[in-house]
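Structure at a glance
Next come the chains, spelled out residue by residue.
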Amino acid sequence: MFYAFYCRSYQHMMRFASKLLKWRTPTVITGKNSLQELPELLLQKGHKRILMVTDKGIREAGLLDQLCSYLQGANIHYVIYDKTISNPTIKNIEEALSAFRDQQCEAIIALGGGSVMDCAKIVGARYARNKPIPKMKGQLKVRTETPSLYAIPTTAGSGSEGTLAAVVSNPDTSEKYAINDPVLIPNYALLDPQLLVKLPPIITATTGMDALTHAIEAFIGKSNTKETRAWSKEAVKLIFENLERSYTNGDDLKARENMQFAAYLAGIAFTRAYVGYVHAIAHTFGGFYQVPHGLANAIILPYVLEYYDTEVYNSLAELTDVVSPRNSLNSSKQKALWFINEIKRMNRAMHIPEKLAAIDQEVIPKMVERTLQEANPLYPVPKILTKQDMYYLYKQMIALNE
């Protein structure tokens, strides 16, 4: 009882403090071929020396070529860092920071998914704050204006183009943690659906479910505002209408554009209203077993929603009415269970596994501890969970060894 009281008191304090923060809203540029507008924008802002953060997959897919051509045509000097990995590491960030400094760069372009944007954000934080990355772990540890960041997502999932969060991994300690500060919110978000056309179906699926998780966890939490509720609802509606379309037909530019905007909306919703236990568990699996974040979220989401039980019935019923306004279900419980079953159906339709792969049982206590360290007391979850609750969830989510 006291533990729950402590958590809720902390969350109440953070909710009050957030009203005093200076929130930056990115300038959003959208539409087919909007990438062409970037060089002119860079020149308008006086940014002629650029660090471009990306990854090998983006480069090999040719998504970098067009942007490089545009920058060359505008006589903008750039250096490319393409060694970012899924769940970026401290090593990634330090390498990219060296390139930024060596080339006397003035701004950063992040072209890629959430991991690329996380890497770029922390490069900016390291440059501005000049302190070790672990010292910036947690809340409001940067507090210094970072170099301008132009975020160009090549997936519709993380919403990092609109968030104050950046996640880093330390393979030496199997740790994965977030750095949260409003100065990490990108200055510009460029949403060009053409960049998503060649995205593999499974990446479309898992990143889309990542965005859905953001929207749902922001909506059902206890630190909502009128704005975050509206953003979350619109994001959920767009994802239910467009994710499977994007999965089955990657050339559907309207579906791709809608998913990009949904991911952005979900991002700006959770950056103010926070996420919850789904993310805390997913981060733990990413840190210990390098499970891709979107995949982990997709699998974990229905288990956590079911475990919340009556605490989320009204909220999920409200979302059901958004995505299925003509439903004939009578009670909040019926609507909530329908919503959870729809998530399971979407996962099956997109060939997302029902459970996480089997893991070493002796590692679970440490994973449970890490999960609760991240979530409590910060996340304003519908229900405060204990170690016993978390052990039960882990048992449900993990496949048994054959």
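Procedures and definitions
Residues numbered from 1 in each chain as written. Predicted model: local features only at pLDDT ≥ 70, side-chain atom pairs only at ≥ 80, totals over all residues. Heavy atoms only, no water. Helix = DSSP H or I, 4+ residues; strand = E, 2+ residues; numbered from the N terminus. Rg over C-alpha atoms; globule rule 2.2 N^0.38 Å. Buried < 20%, exposed > 50% of the residue type's maximum accessible area, 1.4 Å probe, protein only. Areas by Shrake-Rupley, 256 points an atom, 1.4 Å probe, with all protein chains shown as cover. Lys, Arg positive; Asp, Glu negative; His and termini not counted. Charge placed at Lys NZ, Arg CZ, Asp CG, Glu CD. Pairing = 2+ DSSP bridges. Axes fitted to C-alpha atoms, helices over the stretch in contact; angles between N-to-C directions. Core = buried A, V, L, I, M, F, W, Y, C linked by side-chain atoms within 4.5 Å. Contact = heavy atoms within 4.5 Å. Patch = residues over 30% accessible without salt bridge, like charges linked within 9 Å, V, L, I, M, F, W, Y side chains within 5 Å. Salt bridge = Lys/Arg side-chain N within 4 Å of Asp/Glu carboxyl O. 1 Å grid on protein atoms, 1.4 Å probe; cavity = no way out; pocket = protein on both sides within 12 Å on 5 of 7 lines; lining within 4 Å. Points joined across faces, edges and corners; volume = space filled by probe spheres on them. Nonpolar A, V, L, I, M, F, W, Y, C, P; charged D, E, K, R; others polar.

A few words on the overall build of the protein chain. Per the secondary structure count, the protein chain includes 15 helices and nine strands. Relative to a compact globule of 402 residues, whose C-alpha radius of gyration would be 21 Å, the protein chain shows 20 Å and is just as compact. Along the first, second and third principal axes, the C-alpha set of the protein chain runs to 60 × 50 × 45 Å. Here the protein chain holds 402 residues, and the buried ones make up 59% of them. Accessible surface, the protein chain as shown: approximately 17,100 Å² in total, 51% of it carbon and sulfur. Once the 45 positive and 39 negative side-chain charges of the protein chain are each reduced to a mean point, those two points are 5 Å apart.

Attention now goes to the sheet that holds strand S9 (residues 188–191). Pairing between the strands of a sheet comes from backbone hydrogen bonds, and it takes one of two forms, parallel or antiparallel. Reading across the sheet, the six strands line up as S1-S9-S6-S4-S2-S3 and stay open at both edges, with parallel pairing between neighbours. On the outer flanks of this sheet lie strand S1 (27–30) and strand S3 (77–81), each paired with one strand and no other. Going from strand to strand, the sheet's axes swing by 20° on average, the running direction of each strand aside. Across four bridges, the pairing between strand S2 (residues 49–53) and strand S4 (residues 107–112) is parallel. Residue pairing for S4: Val-53 is matched across the bridge by Ala-110.

Among the nonpolar cores identified, the biggest contains 104 residues, and Ile-109, Ile-216, Tyr-277, Leu-316 and Tyr-394 are the most heavily contacted of them. Looking at which element gives the most residues to this core, the answer is helix H9 (residues 253–273), with ten residues. For Ile-109, the contacting residues outside a window of four places in its chain are Leu-38, Leu-42, Ile-50, Leu-51, Met-52, Val-53, Leu-67, Leu-71, Tyr-150 and Ile-152. If you look at the next biggest cluster of nonpolar residues, it comprises 30 residues, including Val-53, Cys-119, Val-168 and Ile-179.

Turning our attention to the side chain of Asn-242. Examined against the element boundaries, Asn-242 turns out to sit in helix H8 (residues 226–248). A relative accessible area of 1% means that Asn-242 is categorised as buried. The residues touching Asn-242, leaving out its near neighbours within four places in the chain, are Lys-254, Ala-255, Asn-258 and Met-259.

Side chains of Phe-2, Tyr-3, Phe-5 and Tyr-6 sit close together on the surface and give an oily, nonpolar patch of about 500 Å² of accessible area. Take Phe-2: it is sitting in helix H1 (residues 2–18).

Let us now look at empty space enclosed by the protein. Overall, the coordinates contain two cavities of 30 Å³ or more when judged by the stated rule. In this structure, the largest cavity spans a volume of roughly 60 Å³. Lining the largest cavity are 13 residues; nearest its centre among them are Thr-146, Pro-147, Leu-149, Val-183 and Leu-184. When grouped by side-chain class, the residues that make up the lining of the largest cavity number eight nonpolar, three polar and two charged. Here the second largest cavity defines a volume of roughly 50 Å³. If you list the elements that add at least two residues to the lining of the second largest cavity, you get helix H7 (201–220), H8 and H9. Examining the composition of the lining of the second largest cavity, we find that three residues originate from one element, H7, more than from any other. Residue classes in the lining of the second largest cavity are distributed as five nonpolar, four polar and one charged.

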